[in-house]
Amino acid sequence: MSIPLEHDYIGLSETSSLERSSDKISSSSSTVTTKDENSNVFNLKETELRLGLPGSLSPERKAGLGISLFGKDFEDKTNGYSHSPLKNFVSGAKRGFSDAIDASGNWDLSMNGGSEVDLAKGSVLFPPTGGKSALEKINTQQSCLPGPAKKDAGVHSPQKPIQEKKTSPANDNNSAPAAKAQVVGWPPIRSFRKSTMATNSAKNSDGVDEKSGSGCIYVKVSMDGAPYLRKVDLKTFRNYAELSSALEKMFSCFTIGQCTSHGLRGREGLSESCLMDLLHGSEYVLTYEDKDGDWMLVGDVPWAMFTDSCKRLRIMKGSEAIGLAPRAMEKCKNRN
Amino acid sequence: MDSISKKTKDSPNSTDSPESTHPSSFPDEVLEGVLSLLSFNKDRSSVSLVCKDWYNAERWTRTKVFIGNCYSVSPEIVARRFPKIRSIILKGKPRFSDFNLVPENWGADIQSWLVVFARVYPFLEELRLKRMTVSDESLEFLAASFPGFKALSLSSCDGFSTDGLKAIATHCKNLIELDIQDNGMDDFGGGWLSCFPENFASLEVLNFASLNSEVNFDALERLVTRCKSLKVLRVNKGITLEQLQRLLMRAPQLMELGTGSFQQDLTPRQCAELESAFSNCKNLHTVSGLWEANSLNLPILYPACASLVFLNLIDATLQSGELAKLLAHCPNLRRLWVQDTVEDKGLEAVGSCCPLLEELRVFPADPFDPDILHGVTESGFVAVSRGCRRLRYVLYFCRQMTNAAVATIVQNCPDFTHFRLCIINPGQPDHLTNEPMDEAFGAVVKTCTKLQRLSVSGLLTDLTFEYIGKYAKNLETLSVAFAGSSDRGMQCVLGGCSKLRKLEIRDCPFGNAALLSGLEKYESMRSLWMSACNVTMNGCRLLAREMPWLNVEVMKDEESDDSHADKVYVYRSVAGPRRDAPPFVMTL
């Protein structure tokens, strides 16, 4: 397995070199001293030049889930980062996974090349006339690769994303760029549709958003090793079996490597113990975050109680759920 | 041939003009008779330019007027020129107001128009408004002033509520059409529907899909039963499947249907009844609505699918499998709107099932949620292009795209007239090569010679705009965001696209030089919008000074400095500067 490579890629030696180059860019931009000025900006901290795991440095994130490589990634607002390393895990090769390996190697090169060019453009793009703070915000975020969570919320810095997008994608070969800003009026979806869709999606953060009147319970589902999140409406399932089969379908492409060998795919009518078997057998454990913010094993409580308290789901690798795994196994045994 | 023209009758102006001594080849009545057969206003505009006689004949026979920018002309001018108007289409705010870029109370109020119309066009029958501000009082005034009023369509309007609809339902005895779409309106309940009188039976089009409050179903059912000519019915999601079945049984003649909620748990008998109801609707060619449709319930549509031409699934969150199964029954589809939850796999099904497809719109299910990354990619689009060679209109929201894919797509479908590609992350490059998306749009404009409308996105340099200026000779509407490298980009477009009418730009590095390069051109365009660019107040003042027939309006953001022109809206007008501009709109 290439896990050590992932660690490197994510946090260790690569990071430092990246940070160095990031610093280089930042210092060569015209207005550098803006980090302080932007302290009023939401989530600025996460837009600073850091290249660790997006979640690993933010204080509000919950710690203590054991060594979770990508544990908090999906809670953060960035995905671009998590893309590339994850692809090494998955043999499904859905989106040019093999490129991820190249990506890590080319990191420095593309970073430098890309950002210098873009930097040159930067000075043309945004001459300091008008002293718009957008320019400053741009430069702070220039080298935020996948790191930065949200861009500055809305305010009025629509120019900012241009710069950010120009540099960060240079480092993010295969994946969508990192943080998406709350840019006013972008993407260009009509306000009318926005409001109807907003009732469907969780606002500002992960979590349950009950659509009043129709009783939908949308929760995000993340899976370790999967490049993107999904959402499910818990109301459409009546029991754990339906939930698990839906999740299995949703994430089947990512468990291809695991499941086929166990011959567990395509089984109908999964019971709770089967779910555990499946997940356990394929080294994945289905967990959920409840209202108190605790991560629990799915299947412990009656379904109705579960739908009431579940805020998000996570298909965790068995090895990650250190604190939970033994319980899972026990429960499995008890049920069998 | 009798060369003496009878000019005296219906052409009051002709005696005033020098050209009136010019003998006409045939009498006015004949000319007017002929011209009254012209339906396209473009033709009519051409006709009106021939000579004074023809101008007059045309104006006396025009019954429909289309005003693309309500501030380009005044109601008095319209009334003076066209005495016999029965049908009016009016558009107000700039399109970017749909995306919250225009502050509230900007204007485009219909009231001043209605006051004039009430005086001059008492026989007005149709009013179609887009992006106008309409108050309840205006709706009441409308209902009271035009006894023969037949058709009201409100799209992306704001300022009114269901109270205004009550007035329309109550007083418009000859109403044929009530079409309420996507408006910023207040919904105080569904009681308006019950305001249609019990003997009212003329409705042919009823669309209240965008209203949330439940209407009285009995009243609706009775209304549908009475209105034997009902062709278009779009209900809101408060209507259940069971109720839908009853409505369909009452109106098998329907041509366009917007269902309500599609989520109900149905017994087998109910399913059968619904299937039967759908198969009874022999004229049904358009279906929309389908809120919360699931794989259990979608099959009830199947009997109606073979004749479907337009399927609007943007309110149905379908997965790829569900879409594939549905489309297998829809071989005649010409227009399809979906959410990107169908993913590339769903689009592959589009390509294989719908060879006659001409229009595809793919909307993002979660556009503002940064964590969600599923959706469609370039491969979905390519798959559609392979199977649907007749594509001419596409609106595609995606999170990744490549130059190569777009090149392939336009190779497969060279007949695009509308190409609107939105890569959701601003300024995102080709995700495989990391290069700008210049070549993609270059391929579009080079290959699609009929292109009328283009929206660009992704990482773009001036090269994109060089291509556009050089090749997009039929381009009329261009939307640009987060793109370009310098003034040159915009200059290329203004210099090259001779047919350009609407140019809307946001967050681009175009400044005064670019703005002023279009000095001569803006009079031949409907409007220009530039926001968050590098234009300054001085540049705008210069433009305004040089071009008196243009209205140059600037809206400033709170935090910007004095010299920066944050939002610029330039449009030609024969009505002079706005008299109703709010304080935040500066006319230069």
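Heads up: these notes are all about the structure in this document. What you see is a predicted model, and the numbers here were worked out from it, not measured in a lab. (Residues numbered from 1 in each chain as written. Chains lettered and ligands numbered in written order. Predicted model: local features only at pLDDT ≥ 70, side-chain atom pairs only at ≥ 80, totals over all residues. Heavy atoms only, no water.)

**Structural notes on the overall build of chain B**
In terms of helices and strands, chain B carries 20 helices and 23 strands. Put simply, chain B has 588 residues, and 60% of those count as buried. Here the contacts in chain B between residues at least 6 apart in sequence split such that 69% fall between residues at least 24 apart. By element, 52% of the accessible surface of chain B is carried by carbon and sulfur atoms, the whole surface being about 22,200 Å². (Helix = DSSP H or I, 4+ residues; strand = E, 2+ residues; numbered from the N terminus. Buried < 20%, exposed > 50% of the residue type's maximum accessible area, 1.4 Å probe, protein only. Contact = heavy atoms within 4.5 Å. Areas by Shrake-Rupley, 256 points an atom, 1.4 Å probe, with all protein chains shown as cover.)

**What to know about the overall build of chain A**
Looking only at helices and strands, one finds 14 helices and six strands in chain A. Out of the 336 residues in chain A, the part that is buried amounts to 58%. For chain A, contacts bridging at least 24 residues in sequence account for 64% of all contacts bridging at least 6. When the accessible area of chain A is evaluated, it comes to approximately 13,000 Å², of which 55% is carbon and sulfur surface.

**Some details on helix H8 (residues 217–226) of chain B**
Residue and element names in this part refer to chain B. Taking burial as the measure, the ten residues of H8 include seven buried ones, the bulk of the element. Buried residues of H8: Phe217, Ala219, Leu220, Glu221, Leu223, Val224 and Arg226, and no others. Each element contacted by the buried residues of H8 is listed here: strand S8 (205–207), strand S9 (232–234) and helix H9 (241–250). Between the side-chain oxygen at the start of H8 and the backbone nitrogen of Asp218 there is a gap of 2.9 Å, and the oxygen is on Asn216. (Polar contact = N/O pair within 3.5 Å; in protein donor to acceptor, adjacent residues only side chain to side chain.)

**Things to note about the pairing of strand S2 (residues 217–223) of chain A**
Residue and element names in this part refer to chain A. Counting buried residues along S2, seven of its seven residues qualify, which places the element largely inside the surrounding structure. Here S2 runs beside strand S3 (residues 230–233); their pairing, made up of four bridges, is antiparallel. Paired with Val221 across the bridge in S3 is Arg230. The pairing of S2 with strand S6 (residues 312–317) spans four bridges and is classified as parallel. From the neighbouring strand, Lys220 faces S6, where its bridge partner is Arg312. (Pairing = 2+ DSSP bridges.)

**A few points about unusual backbone geometry**
Looking along the chain, the bond that leaves Trp186 of chain A and enters Pro187 of chain A is cis, with omega of -5°. Phi is positive for Asn434 of chain B, which is not a glycine, with a value near 65°. Tracing the sequence through the fold places Asn434 of chain B in the loop between strand S16 (418–423) and helix H16 (438–447). Asn434 of chain B gets classed as partly exposed once you look at its relative accessible area, which sits at 22%.

**Considerations on a nonpolar patch on the surface**
Residue and element names in this part refer to chain B. Together, Phe26, Val30 and Val34 make up an exposed nonpolar region whose accessible area comes to about 230 Å². Considering the arrangement of structural elements, one finds Val30 in helix H1 (residues 28–35). Here Val30 falls in the partly exposed class, since its relative accessible area comes to 41%. (Patch = residues over 30% accessible without salt bridge, like charges linked within 9 Å, V, L, I, M, F, W, Y side chains within 5 Å. Salt bridge = Lys/Arg side-chain N within 4 Å of Asp/Glu carboxyl O.)

**Regarding the pattern of salt bridges**
By the definition in use, this model includes 32 salt bridges over all chains. Ionic pairing is found between Arg62 of chain B and Glu58 of chain B, a salt bridge with its closest N-O pair at 2.7 Å. As far as burial versus exposure is concerned, Arg62 of chain B and Glu58 of chain B are alike and both buried. It is possible to trace a salt-bridge network through shared partners that takes in Arg190 of chain A together with Asp98, Arg131 and Asp182 of chain B.

**Focus: the packing of aromatic side chains**
Residue and element names in this part refer to chain B. One pass over the structure, following the stated rule, counts 25 aromatic pairs over all chains. Summarising the aromatic geometry, the rings of Phe117 and Tyr121 are spaced 5.5 Å apart at their centres and angled 40° between planes, so their arrangement reads as tilted. When sorted by exposure, Phe117 lands in the same class as Tyr121, which is buried. Members of the aromatic cluster, each reached through a chain of ring pairs, are Tyr71, Phe96, Phe99, Trp106, Trp529, Tyr569 and Tyr571. The ring of Trp106 has Arg578 sitting right over it, with the charged end atom 4.5 Å from the ring centre. (Phe/Tyr/Trp six-rings, centres within 6.5 Å; stacked < 30°, edge-to-face > 60°. Lys NZ or Arg CZ within 6 Å of the ring centre and 35° of its normal.)

**Focus on a negative patch on the surface**
On the surface, a cluster of negative charge is contributed by Glu137, Glu140, Asp163 and Asp186 of chain B. Along the chain, Glu140 of chain B turns up in helix H6 (residues 136–145). (Lys, Arg positive; Asp, Glu negative; His and termini not counted. Charge placed at Lys NZ, Arg CZ, Asp CG, Glu CD.)

**Remarks on helix H15 (residues 403–412) of chain B**
Among the residues of H15 of chain B, those classed as buried are Asn403, Ala405, Val406, Ile409, Val410 and Asn412 of chain B. Against the buried residues of H15 of chain B lie helix H14 (378–387), S16 and H16 of chain B.

**Things to note about the environment of Ser156 of chain B**
Structurally, the position occupied by Ser156 of chain B is in the loop between strand S4 (151–155) and strand S5 (158–161). Relative accessible area serves as the criterion here: at 11%, Ser156 of chain B is assigned to the buried category. Separated by 29 residues in the primary sequence, Ser156 of chain B and Met185 of chain B place their C-alpha atoms 9.1 Å from one another. Sequence-distant contacts of Ser156 of chain B, defined by excluding residues within four places in its chain, comprise Arg190 of chain A together with Asp98, Arg131, Met132, Gln181, Asp182 and Asn183 of chain B. At a separation of 3.0 Å, a polar atom in the side chain of Ser156 of chain B contacts the side chain of Arg190 of chain A.

**With respect to the nonpolar core**
Leu220, Leu311, Phe416, Phe419, Leu454 and Ile468 of chain B are the most contacted members of the largest nonpolar core, which has 180 residues in total. For Leu220 of chain B, the residues in contact, after removing those within four places along its chain, are Leu193, Leu206, Phe208, Val215, Val235, Ile239 and Leu247 of chain B. One finds Phe237, Met250, Leu286 and Phe306 of chain A within the second-largest nonpolar core, a separate group that totals 23 residues. (Core = buried A, V, L, I, M, F, W, Y, C linked by side-chain atoms within 4.5 Å.)

**Points about the side chain of Ser97 of chain B**
Residue and element names in this part refer to chain B. With respect to the secondary-structure elements, Ser97 resides in the loop between strand S2 (87–91) and helix H5 (111–120). Only 2.9 Å separates the side chain of Ser97 from the backbone oxygen of Pro94, close enough to count as a polar contact. Excluding anything up to four places from it in sequence, Ser97 contacts Val102 and Arg131.

**Focus: the packing of helix H2 (residues 41–48) of chain B against helix H3 (residues 52–61) of chain B**
Residue and element names in this part refer to chain B. Contact geometry for H2 and H3: axes closest at 7 Å, N-to-C directions at 145°. Contacts between H2 and H3 involve Arg44, Val47 and Ser48 from the first element and Trp54, Tyr55, Glu58 and Thr61 from the second. Residues of the contact of H2 with H3, tallied by class, amount to three nonpolar, two polar and two charged. (Axes fitted to C-alpha atoms, helices over the stretch in contact; angles between N-to-C directions. Nonpolar A, V, L, I, M, F, W, Y, C, P; charged D, E, K, R; others polar.)

**Details of the environment of Met185 of chain B**
Residue and element names in this part refer to chain B. Tracing the backbone shows Met185 in strand S7 (residues 184–186). Judged by its relative accessible area of 15%, Met185 is buried. Through-space distance from the C-alpha of Met185 to that of Thr133 is 10.0 Å; in sequence the pair is 52 residues apart. Apart from the residues lying within four places of it in its own chain, the contact partners of Met185 are Phe160, Ser161, Thr162, Leu165, Ile180 and Leu211.

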